[in-house]
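# A structural walkthrough
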Amino acid sequence: MIKKLSIAVALIIAGSMYAQEGGTASPYSFFGIGSQQFRGTFENRAMGGMGVYSDSLHLNLLNPAQLGRLRFVTFAIGGNHNEVTLKDGSNEDNTSITTVDYIALSFPVSRKMGVSFGLVPYTAVGYELDDSTDDVLNQFSGRGGLNRAFLSAGYNVFKGLYLGGSVNYNFGNIQNEVVRSQEEVELATREQNRSDIFGFSFELAAQYDTMITDNLELRTSVKYVPATTIASENTREVASVIFNNLGLIQDLETIDVPIADTDFDFPSSFTIGAGIGKPNKWFFGGEYTSQKTSSFTNRGFELNDVSFEDASQIRFGGFYIPKYNSVSSYFQRVTYRAGFRYEESGIMIGNEDINEFGISFGVGLPAGRRISNINLTFEVGQRGTTNAGLVEENFFNVGVSLSLNDIWFVQRKFN
């Protein structure tokens, strides 16, 4: 059953992921290559985005080393609905976005090795901004983003030690537009910039687990993402435009402006995590990530009072299962998760750092007669600030994912 379902859903979801654009409504996606998206499963997201924990059932997209412990074929898909309230010192607006966040398939190659592949978002661009003076109006808009196709493998070197790595192909396009109009001037000017970005990146990871008492297990992990350079093919179009009676823009004359292709540096990052828990009962841990985003430059526009610094993230979270093998109570087999995260984005506008925090919780609901489950995740948080005329975002995320498990490649003993 899972084989047929995996193929059908994979085709549908992969097509919709490739087609969806602007998986964010954040004005801060204007900067760099857009807002970086969370690339783990909703099981991880419910625990504050922490990736130090994994088991033999669930796919961990954040740490490829943990594929070495995989025992079942796992097909994972997840979708998210995001409600956002945007406000500055005097105005407020609401928006919502629904996206497909990941699709992945993993399977054990042997008792010591597992492999996974899939598609996840990497960045998203989606904004509309106005910059007005007494007689001049600049209207900025953008959409697009990058997707990431990945192939990962993990290996159990010896008891407790797992090593892994991922090869990622990043691809997508980012489109920016600015319309400049002046009071009492009939014609306006529109500039459209598009960058088609593509290239490879890599990840290396390690995990070490050990029992420190008869009931307590210590887990530690590290992940390193080396800096890589990817290509950006750029185009620019400038047009004289006029607004019709409905307020829509009509092109009068369009000129293609030659613009050089460029290379873009993906920053390196380093993540370290640790946690403690009782197997199949509870776990609590934390992670810290440092990312060299100070190498970022804004794409397409020259900006004043904007700079990039190194980014950092702190995540804490865990889970609790009352009784994983209960036969008398369904709710005792439910996994209850919660977490907290705080992120420094690395973007500084004027003298204001653009930071973000989120509080999350969720449940893993056993589904069917096998070991599959449905995961529900809820997160509330805030990004940005209203200081210095900037925008504060208050968001609420609802995520739903499926983790479908089965056993493949089992040799028949009887016909």
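Residues numbered from 1 in each chain as written. Predicted model: local features only at pLDDT ≥ 70, side-chain atom pairs only at ≥ 80, totals over all residues. Heavy atoms only, no water.

## As for the overall build of the protein
Quick reminder of the rule: Numbered from the N terminus, helices here are DSSP runs of H or I no shorter than four residues, and strands are runs of E no shorter than two. Residue burial is assigned from relative accessible area. The probe radius is 1.4 Å, only protein chains are included, and a residue is buried under 20% of its type maximum, exposed over 50%, and partly exposed in between. Contacts: residue pairs with any heavy atoms within 4.5 Å of one another. Here the Shrake-Rupley method, with its probe set to 1.4 Å, supplies the accessible areas, and only the displayed protein chains count as covering residues.
For the protein, the count of helices and strands is two helices and 19 strands. Among the 415 residues that make up the protein, the fraction classed as buried is 48%. Sequence separation of 24 or more characterises 65% of the internal contacts of the protein that already satisfy a separation of 6 or more. As displayed, the protein offers around 20,800 Å² of accessible surface, 56% of which is attributable to carbon and sulfur atoms.

## Description of the packing of aromatic side chains
So the rule is basically this: Aromatic pairing here means that ring centres of Phe, Tyr or Trp (its six-membered ring) are within 6.5 Å. Orientation follows from the plane angle: under 30 degrees is stacked, over 60 is edge-to-face, and everything else is tilted.
Under the definition given, this model contains twelve aromatic pairs. For the ring pair Tyr 53 and Phe 283, a centre distance of 4.9 Å and an interplane angle of 40 degrees mean the geometry is tilted. Placement of Tyr 53 in the loop between α2 (42–45) and β2 (73–87) and of Phe 283 in strand β13 (residues 282–291) is noted, with a sequence separation of 230 residues between them. Comparing Tyr 53 with Phe 283, the two get one shared label, buried. When the ring of Tyr 169 is compared with that of Phe 171, the centres are 5.9 Å apart and the planes differ by 20 degrees; the resulting orientation is stacked. Aromatic rings pair up to connect Phe 30, Phe 31, Tyr 127 and Phe 140 into one cluster.

## A word on the layout of surface pockets
Quick note on the threshold: Any residue with an atom within 4 Å of a point lines the site, the site being either a cavity, points on a 1 Å grid over the protein atoms alone where a 1.4 Å probe fits but cannot get out, or a pocket, an open set with protein on both sides within 12 Å along at least 5 of 7 lines. Grid points are joined across faces, edges and corners, and a volume is the space filled by probe spheres set on the points. Note on residue classes: Ala, Val, Leu, Ile, Met, Phe, Trp, Tyr, Cys and Pro are nonpolar, Asp, Glu, Lys and Arg are charged, and everything else, Gly too, is polar.
Counted as a void, the second largest pocket has a volume near 1,000 Å³. As for the second largest pocket, its lining consists of 41 residues, and the residues nearest its centre are Tyr 53, Asp 55, Ser 56, Leu 57 and Asn 280. Taken together, the elements giving at least two residues each to the lining of the second largest pocket come down to α2, β7 (188–211), β8 (217–225), β16 (335–349), β17 (352–367) and β18 (372–384). Taken together, the residues that form the lining of the second largest pocket break down as 15 nonpolar, 15 polar and eleven charged.

## Describing the environment of Phe 42
Looking at where Phe 42 falls in the secondary structure, it is placed in helix α2. Relative accessible area serves as the criterion here: at 1%, Phe 42 is assigned to the buried category. Not counting residues within four places of it along the chain, the set of residues in contact with Phe 42 comprises Gly 78, Gly 79, Asn 80, Asp 101, Tyr 102, Thr 377, Gly 399, Val 400 and Ser 401.

## A short note on the confidence of the model for the protein
Counted only if it meets this: By definition, pLDDT measures how confident the predictor is in each residue, and it falls between 0 and 100.
Of all residues in the protein, 89% have pLDDT values of 70 or greater, and the mean over the chain is 86. Low pLDDT (under 50) marks residues 1–16, which in the prediction has 18 contacts with non-local residues, meaning those over four places away or in another chain. Low pLDDT, under 50, characterises residues 410–414; the predicted model gives this stretch zero contacts beyond four residues in sequence or across chains.

## Details of empty space enclosed by the protein
Regions of empty space are outlined by a rolling probe, equal in size to a water molecule, passed over the atoms. Enumeration according to the criterion identifies two cavities of 30 Å³ or more in this entry. Counted as a void, the second largest cavity has a volume near 50 Å³. The wall of the second largest cavity is formed by Tyr 53, Glu 217, Arg 219, Ile 276, Gly 277, Lys 278, Pro 279, Asn 280, Trp 282, Phe 283 and Phe 319. When residues of the lining of the second largest cavity are traced back to their parent elements, those giving at least two are β8, β12 (269–278) and β13. For the lining of the second largest cavity, the element with the highest residue contribution is β12, accounting for three residues. By residue class, the composition of the lining of the second largest cavity is six nonpolar, two polar and three charged.

## Observations regarding the pattern of salt bridges
Condition: Criterion for a salt bridge: a side-chain nitrogen of Lys or Arg within 4 Å of a carboxyl oxygen of Asp or Glu.
Taken as a whole and assessed by the stated rule, the structure comprises 17 salt bridges. For Glu 191, the salt bridge identified is with Arg 236, shortest N-O distance 3.6 Å. Of the two residues, Glu 191 is situated in strand β7 and Arg 236 in strand β9 (residues 228–243); the sequence distance between them amounts to 45 residues. Residue Glu 191 is classed as buried on the basis of its relative accessible area of 16%. A residue is classified by how much of its surface remains accessible, and Arg 236, at 24% relative accessible area, is partly exposed. Close ionic contact of Arg 341 with Glu 343 constitutes a salt bridge, the shortest N to O distance being 3.0 Å.

## Description of the environment of Ile 242
Inspection of the secondary structure puts Ile 242 in strand β9. A sequence separation of 54 residues divides Ile 242 from Ala 188, and the C-alpha atoms of the two residues are 6.1 Å apart.

## Re a negative patch on the surface
As a reminder of what qualifies: A patch consists of residues whose relative accessible area exceeds 30% and which take part in no salt bridge; residues with like charges are grouped when within 9 Å of each other, and nonpolar side chains (Val, Leu, Ile, Met, Phe, Trp, Tyr) when within 5 Å. For the purpose of charge, His is not counted, nor are the chain termini; Lys and Arg are scored as positive and Asp and Glu as negative. Lys charges are placed at NZ, Arg charges at CZ, Asp charges at CG and Glu charges at CD.
The grouping of Asp 134, Asp 135, Glu 183 and Glu 184 at the surface amounts to a negative patch. Topologically, Asp 134 is positioned in the loop between β4 (113–132) and β5 (136–158). Of the residues examined, Asp 134 reaches a relative accessible area of 79% and is grouped as exposed.

## Describing the pairing of β2
Heads up, the condition is: Note on pairing: DSSP must find at least two bridges between two strands before they are called paired.
In terms of strand pairing, β2 meets strand β19 (residues 392–406) through 15 bridges, oriented antiparallel. When the bridges of β19 are listed, Val 84 appears paired with Phe 395. The turn joining β2 and strand β3 (residues 92–108), which pair antiparallel and follow one another in sequence, is formed by four residues.

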